Structures are given as C-alpha cells and as structure tokens.
Number of protein chains: 2
Amino acid sequence: MTAEIICVGTELLLGNIVNTNAAYLAQQLAALGITSYYQTVVGDNRERLLDALELAAKRSELIILSGGLGPTRDDLTKETVAEFCSKKLVTDEKSKKQIEAYFVARGIKPTKNNWKQAMVPEGCKVLENHNGTAPGIVVETKKNKFVLLPGPPEELRLMFEESVVPYLKGLSSDVIFSQTVKTCGLAESAVEDRLRDLIEGQTNPTIATYAKTGEVHVRVTAKAETPKEAQKLVKPVVKELKSRFGNDIYSTDDGVTLEKALADLLESAGLTISCAESCTGGLVSATLINVPGISELYKAGFVTYSNKAKRKLLGVKKGTLQKYGAVSSQTAEEMVRGLLAETKTDVGIAVTGIAGPDGGTSEKPVGLVYISCNVKGKITVKECHFQGTREKIRNASVAAALMLARRCVLEYLSKEILK
Amino acid sequence: MTAEIICVGTELLLGNIVNTNAAYLAQQLAALGITSYYQTVVGDNRERLLDALELAAKRSELIILSGGLGPTRDDLTKETVAEFCSKKLVTDEKSKKQIEAYFVARGIKPTKNNWKQAMVPEGCKVLENHNGTAPGIVVETKKNKFVLLPGPPEELRLMFEESVVPYLKGLSSDVIFSQTVKTCGLAESAVEDRLRDLIEGQTNPTIATYAKTGEVHVRVTAKAETPKEAQKLVKPVVKELKSRFGNDIYSTDDGVTLEKALADLLESAGLTISCAESCTGGLVSATLINVPGISELYKAGFVTYSNKAKRKLLGVKKGTLQKYGAVSSQTAEEMVRGLLAETKTDVGIAVTGIAGPDGGTSEKPVGLVYISCNVKGKITVKECHFQGTREKIRNASVAAALMLARRCVLEYLSKEILK
C-alpha cells in the first residue's frame, strides 16, 4: 500500500508555521511499513484542494490529510473531501455530545460554528479527539482511503496513536525497521565513498547517508513481515558499518546524540568533566548540558573570551599569548591544563579559534580552531580548519570538541585496561 | 507572479527531518509579495521528480527547489531539472575552483564525486555557496524559472538572502517593503489582542505576528511602485506599534537580534559584561558571542552547574544554598554579585533554574528560573515560570536574561542622564 500526505492550511503556505505534522505522519507511516512518495501542502481553498485530492487519489491508495477541521468558515477539508467522494454531510450525534461536554468542562458556551465540527460525511468512521473538539474522519471509497486529522499537533498525534495506528495495522502486512549509524568528523562524500559497494547493490535493506553539522548519519532500513525478520536483515549491515568506521562511530542508537554518547561514556567510567571555551563561547558546555542528569558529571565551565580571562581564570601564561597568540596549540594546551588544575575534574575540554567573520589573517584564517582535551594530565591538541559562517564554524567546533573528548577518554580507558 | 516550492529528499518522506526549508522559503516569498499556492515534497527519484516538475511548471511561473544538489548519486535534482528543461550539463569552471579551494582550506582531498557538484545545466545562472560546496542554480525557460538551492538550511538561507532575493526583486515591478518590530517577554495572543483593531482593518500595509522563542515579532509589509512609497506606508504603522509596546520592543531592524541589540546598547554606553549560568549551561554566553566583535565588551563567563562551582567561582554562601536552595532569588542575587566581584565588568547576568525533565518539586516546579542582573552594584532579580521541554525552557531563559539586562542597562542610563 502506498500513501501520501496532504497538509491543508494557508499558514503553512505563508511559512507562519513549520510543518511538523508532515514529519510526524511520515515517520509514523514509515514505521508501519507504508511507503509514502509525496507530501503536498495546499491552502484553505476548495478548488485547489479538489485538484490535490484528484491527483493524490490517482497515485496513492491511502491519503492522510491534516488541518482544516476547525470551526471557522476557512476550515473546509471535511466538506471538500465529502464533495470529492460524493458523500452528504450528516450530524454525528456522539461527536455533538462530546463537543458539548468539552465546553461544559471548561465553563465556556459553544458558539454556533462549533456544531459544524459534529458534521461528518455519511457512512464514515469517526475518530474521537481526546485533546480538542474536532473529531477525525476515515472515508473509504472503492479505490481510496482518506484519513482526516485535526491540524493542532497535540490533537493529531494523540488521535493518530489511539485510532489511526490500529486502523492502518489492520490494512497492511509489512513492517519497517531502521537503525542509524552515527559518525562524526568525516565528510559525507568520504562516508559514501567507503560505502559505495554496499549502496550500489542495495535493495532490502537500503542504506542512506544524511549530513548533519559535523556529523554524518548512515541509516539502514529493512522491510519484512515481522519486526524480528526486519531487524535480522539490518543487523549484519550495521555490523559491517561498524567494522568499516570503527571509532568514527559514536552511536548506533537513534535516540543518542553525540553529547549523550560522551556523557554515557563518562558516566560508565566514573569520570567528571569541565570546559574552557573561547570562540565557542559556552556552546560546548551548553551542548553537554542538553543531557538531562548531567549534573553528576559536569562540574564547571569557563568562557574565557578575552586574553585577560584566559590568564586569570585558566593560568595561561602572558608569554604564551604574546609569542603564539590566543589561537594556537600552545594556548589551547595551557587552557586545558589550567582548567583541570582549577576544577579538579578528570576530563577537560578547551576550544580557541577564529569564528569570524573578522579576525582572520592569511596565517591564521577564519575557521582555524584548536581543540584540546586533558584526561587526568594527558593532553591532546587537535588543529581544525572549518569553513562557513560564524555559526557553522562554532557548531562544527562543538562537534569536534565532543568527538575529541570521546576519543581521548576511550584511549585512556583502553590503557587502563591494559595496566 | 505565482510560485511553488518543491523540496526533494527521501529523508523528508521518511520524516527523519522536519521541513524547515519549506517554511523559510514560504516566508521569504510572502515577504517578497510572491503568492505561493503549493508545496510538494518528493523523494530522490527521477520519475517522480519529473512528474512533480511537470505539474508545477503548468500551474506556477516560479519553482523553487531545495535539496538533491549534494555530491552523492542519490542527489539528482540538478540532473532531473536539466532533463526536464532539455539542457545539457556542463562543467562550471568557477564552481570547480571554489570546490577545490574549499577542500584545500580544510586539508582534505576531494573525492571524485565532489566534481559532480561543479556540473550545471548549460546557459544557467550559477549562485555561489558561501557555506558549502554545492552551487545553486537558476534555469529559465520560456514559461518558467527554476531556482535550485542546496538542502542544508544554513547553505540555503545564506544563498537565498545573497543571491535569490536580488534575482526575484528584479523580476517583479511591484516593490515590497517590510519592517519588523521585535518584542520580547510578551505572549503572541497578548500582542495580537493589542493589535486587533489594526489587524482587522489591514489591506496595505499588512500586519502579521510571528512567535519566536521568548519573542514575538510584528511584521509590517507594504506594496508600492517604488521603495520610497512602500516605506512611507509602513512608517506610521511602525510608529503606532512603538507607542503601544514601548520598552517591550528591543529593535525595529530586521537584522538586529536581541543579543545584538544588547551588545549595541552596551557598546554605546561603554559598558562591559560577563555571565554566570546554571540551568542555561553557557547558552547566554554563547548567544551573546553570536555577535561578531563582541570581544570588546564580553569579558568572561562561568558555567556553575554544581553547587560547589557556585561557591568556589562566584562566592555563593553555603548557608544560602542550604537555606534557600540553588534555585532561589537569593542564590541568583549572590551569583551575580560574586560575578562582578570576580570579573570587574560593569554588567553581569546570572541564571539559575530547573530546566527539567527531572528535578522539579511541587514547590519548585520544572520551568522555575531566577534571572538576575547587576549593573555596577545595582542588582535586579526576576522570577520566571516557563513551560515546555528542557530545550524550550533553556531558550526562553536566555531570551529573558538578555531582555532583563537590556532593561536594567536602560534604567541605569536614564538615571545617569538625570544626575
């Protein structure tokens, strides 16, 4: 069964809101093993919605619509789908009672246009809305199934999980399973180069690469009759990726970010961490603190943007700053040495660089960043060359800093084991 | 001229990423006065992209495509548009050189597939990419204009602003002028309520509100034959907004962010600043350091996530932490007092709160955040109650902290003038 998604709403066409419903519905369809080839956004306009329905009905069996079920005269999804399927609108008594109860519970008097929400195409299946007043609707014709959902994400999601998933599971037999192998520090083209043989022969599972800031994710997706069989198809491919990319992989778990991977590693090794930042200006700390519960591991951070702060707070020597400059491997080394002396943590990360747009020279161009890591006295400094805007350079620096810390900690742990 | 947007990418169809490009492009087109009736998402698939192009070319003059310009064999937007327009692909020497330079600067050897990005449809206009390697492309046919942009949002946005806006402005005879009045600390519904009379009667200029994290922007847009006439229409409305929102407005300049507004104010007053952060974990510093050239004003930052760090680095008293807790107005006050003692800056901002998802109690729930500001010894503490995810609470805290600092500095300056 193939599906497509039609999101109805002039606010989407004007860019006033981001279409998170399409992403949510797409993810849910993929998880159910339902292939979806198109997403369309169309305004609250009868003629254009009729055109979109006609096109979608030709190419897909299942059509999921979101939005346009509200009480105002703008909202015409239900009316237009009913017209397209040649169905009359009739009052659904159960919905009418629920709308009444919803308003009574909130001490509000419903306005006349609220009863419009209790009108449904005859013979349809009504989906209850436990987060709002507009019921959802399933209309079936000989060729198509139309699922109409309310636009507000919290209403749409609850209804999808409660009512649409069971309905769709009854229609399909295939299951999709996918796993993401997350790498950091490699270019997307380089990752693809090393996967060319696997990508060329792919049918099931399929392999796809996605570039994120400083990271490349490789997604392996299989289709089968049961979740177990699909997982069985994915497993050997993930194993092969692990052997090809080794320590450039920081996780194979969809829910694990780079900062979470580092936090988990630190936690399992019982190590604490602190940060000293110049050009990233607190972003490494802020990213680590994305991880809930990090307070056990993360002790303190310094934003030493000025030379004075580098000297005073981290003990960087005046001579080092004068001789090599604030952006140098020597300064990065002294920053991370001073950091551990100050915070008494096990691991320290320091970053100093030129994020631009000004401040670059031919010798030290914008994008030159030194990252250092100190694990119980053992210091590693990495020289990086990033390109792009100030924001991009800073984000790339954060990813590189977290990845360097991860590598240094892994190295430390492997030596500890050999001891 | 009518336009439509086609976003190409299997990751969009699978819901792996949210389509922020469509929202951005839609907003930009609306701001340029270009009507857009449809948005389509299609996978990296030649046949289906050809279908989408055929449909779009029939109903819209301008077609903006995003995605599928990368170096991998998945990426086929350029190839497919060239095929649809019956144009050959040729090497663009300038792009080739830029790609080469991009890799040389990073010390990486380009792989063979990178040169694919220098191939363009013959006779097209090439748009430079200052944030990546894939150039953008404009292909014109008798009936249509196709604008191809790279998928990564930071590349797409920069290219749109630098190259596409001037190109599109050249196509239309009408001129659009818009100005944004930026407020912070008000709810969108409250802003709209206070503008209801203006919004209801609007035709030219139009007024629209946009909710950002912690901020609400009001955009006033006018259409006219000349820039001067359009500006003349916008001016009295902006004046009216200024009188209604007063000091809740931090800027009426599109290019000025909240951090830039604060930095400009500090610079003009000759004041330096430092930050001490707990729940925001460095994000206030990192946001301030978004402003290029901030190093003259921003001196140092502390991320005092643990109680120990609050005591050691900022001199918060043990008794205060024990009696009132780390999340209290008393702790916020001591943090910002200790901060100025330590950094000798003129202005200090401190933040302490519960970002969640854990750590909340009935007395101190998740979302409770204390923000303090110290201007040369005069301390102001603000208690805030935010809602939502950890990320949302932290971002709202950052906006509130910058806004509080702005108000305290303004207050200080107004008193200085009276002296």
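A.B. asks: Any chance you could break down the environment of Leu-50 of chain B for me, citing the residues and the numbers?
C.D. replies: Along the polypeptide, Leu-50 of chain B turns up in helix 3 (residues 46–59). The spacing of Leu-50 of chain B and Pro-236 of chain B is 186 residues in sequence and 48 Å in space, taken between C-alpha atoms.

A.B. asks: So what's going on with the pattern of salt bridges? Residues and values would help.
C.D. replies: Scanning the model with the defined rule gives 33 salt bridges over all chains in all. Notably, a salt bridge pairs Glu-192 of chain A with Arg-196 of chain A, separated by 3.7 Å at the nearest N-O pair. With its nearest N and O atoms 2.9 Å apart, the salt bridge here joins Arg-337 of chain B to Glu-333 of chain B. You can see Arg-337 of chain B and its partner Glu-333 of chain B sitting in helix 13 (residues 329–343), 4 residues apart, about one turn around the helix. Its relative accessible area of 44% is what places Arg-337 of chain B among the partly exposed residues. Glu-333 of chain B gets classed as partly exposed once you look at its relative accessible area, which sits at 31%. Via salt bridges that share partners, Arg-46, Glu-47 and Glu-83 of chain A belong to a single interconnected network.

A.B. asks: Can you lay out the side chain of Lys-182 of chain B for me, pointing to particular residues and giving the numbers?
C.D. replies: All names here are of chain B. With respect to the helices and strands, Lys-182 occurs in strand 9 (residues 175–184). Of the polar contacts made by the side chain of Lys-182, one reaches the backbone oxygen of Val-256; its length is 2.7 Å. Apart from residues lying up to four places away in sequence, Lys-182 is in contact with Val-216, His-217, Asp-248, Ile-249, Tyr-250, Ser-251, Asp-253, Asp-254, Val-256 and Thr-257.

A.B. asks: Please provide a residue-by-residue account of the sheet that holds strand 9 of chain B, values included.
C.D. replies: Residue and element names in this part refer to chain B. An order of 10-11-9-12 is seen for the 4 strands of this open sheet, with the pairing classed as antiparallel. The open sheet has two edge strands with one neighbour each: strand 10 (206–212) and strand 12 (249–251). Here the strands of the sheet are splayed against their neighbours by 30° on average, with no regard to which way each runs. Of the strands in this sheet, strand 9, strand 10, strand 11 (215–224) and strand 12 touch helix 8 (residues 227–245), which is tilted by about 150° from strand 11.

A.B. asks: Report on the sheet that holds strand 10 (residues 206–212) of chain A, specifying residues and quantitative values.
C.D. replies: Residue and element names in this part refer to chain A. What the 4 strands build is an open sheet, ordered 10-11-9-12; its pairing is antiparallel. The sheet is open, and its two edges are formed by strand 10 and strand 12 (249–251), each paired on a single side. Looking at each pair of strands side by side, their axes are set apart by 30° on average, direction ignored. For strand 10 and strand 11 (residues 215–224), the ladder comprises 7 bridges, and the chain directions are antiparallel. Bridge pairing in strand 11 places Lys-212 opposite Glu-215.

A.B. asks: Go over helix 8 of chain B with me, naming the residues and quoting the values.
C.D. replies: All names here are of chain B. Over its 19 residues, helix 8 extends 26 Å from the first C-alpha to the last, a length consistent with the 27 Å expected when each residue adds 1.5 Å. For helix 8, the principal kink sits at Val-234 and spans about 25°; a proline, Pro-236, occurs within the next four residues. Residues Ala-230, Val-234, Val-237, Val-238, Leu-241 and Phe-245 constitute the buried set of helix 8. The inward-facing, buried residues of helix 8 abut strand 9, helix 7 (188–200), strand 10, strand 11 and strand 12. Within two residues after helix 8, Gly-246 carries a phi angle of roughly 45°, on the positive side.

A.B. asks: Quick rundown of the nonpolar core? Include the residues and the values.
C.D. replies: Within the largest apolar cluster, 94 residues are counted, with the highest numbers of intra-cluster contacts made by Ile-294 and Tyr-298 of chain A together with Ile-294, Tyr-298 and Ile-349 of chain B. In this view, Ile-294 of chain A contacts Ala-263, Leu-288 and Ile-289 of chain A together with Tyr-305 and Arg-390 of chain B; residues no more than four positions away in its chain are not counted.

A.B. asks: Account for the packing of aromatic side chains, naming residues and giving values.
C.D. replies: All told, the structure shown has 8 aromatic pairs over all chains when counted by the stated rule. A ring pair is formed by Tyr-102 of chain B and Phe-103 of chain B, whose centres lie 5.7 Å apart and whose planes are at 75°; its orientation type is edge-to-face. Neither residue differs from the other here; Tyr-102 of chain B and Phe-103 of chain B are each classed as buried. If you follow Arg-48 of chain A out to its NZ or CZ, it ends over the ring of Tyr-37 of chain B, 3.5 Å from the centre. A cation over a ring is seen here: Lys-96 of chain A above Trp-115 of chain A, with NZ or CZ 5.6 Å from the ring centre.

Definitions and limits used
Residues numbered from 1 in each chain as written. Chains lettered and ligands numbered in written order. Predicted model: local features only at pLDDT ≥ 70, side-chain atom pairs only at ≥ 80, totals over all residues. Heavy atoms only, no water. Helix = DSSP H or I, 4+ residues; strand = E, 2+ residues; numbered from the N terminus. Salt bridge = Lys/Arg side-chain N within 4 Å of Asp/Glu carboxyl O. Buried < 20%, exposed > 50% of the residue type's maximum accessible area, 1.4 Å probe, protein only. Polar contact = N/O pair within 3.5 Å; in protein donor to acceptor, adjacent residues only side chain to side chain. Contact = heavy atoms within 4.5 Å. Pairing = 2+ DSSP bridges. Axes fitted to C-alpha atoms, helices over the stretch in contact; angles between N-to-C directions. Expected span 1.5 Å × (residues − 1). Bend = angle between axes of the 7 residues up to and from the residue. Core = buried A, V, L, I, M, F, W, Y, C linked by side-chain atoms within 4.5 Å. Phe/Tyr/Trp six-rings, centres within 6.5 Å; stacked < 30°, edge-to-face > 60°. Lys NZ or Arg CZ within 6 Å of the ring centre and 35° of its normal.

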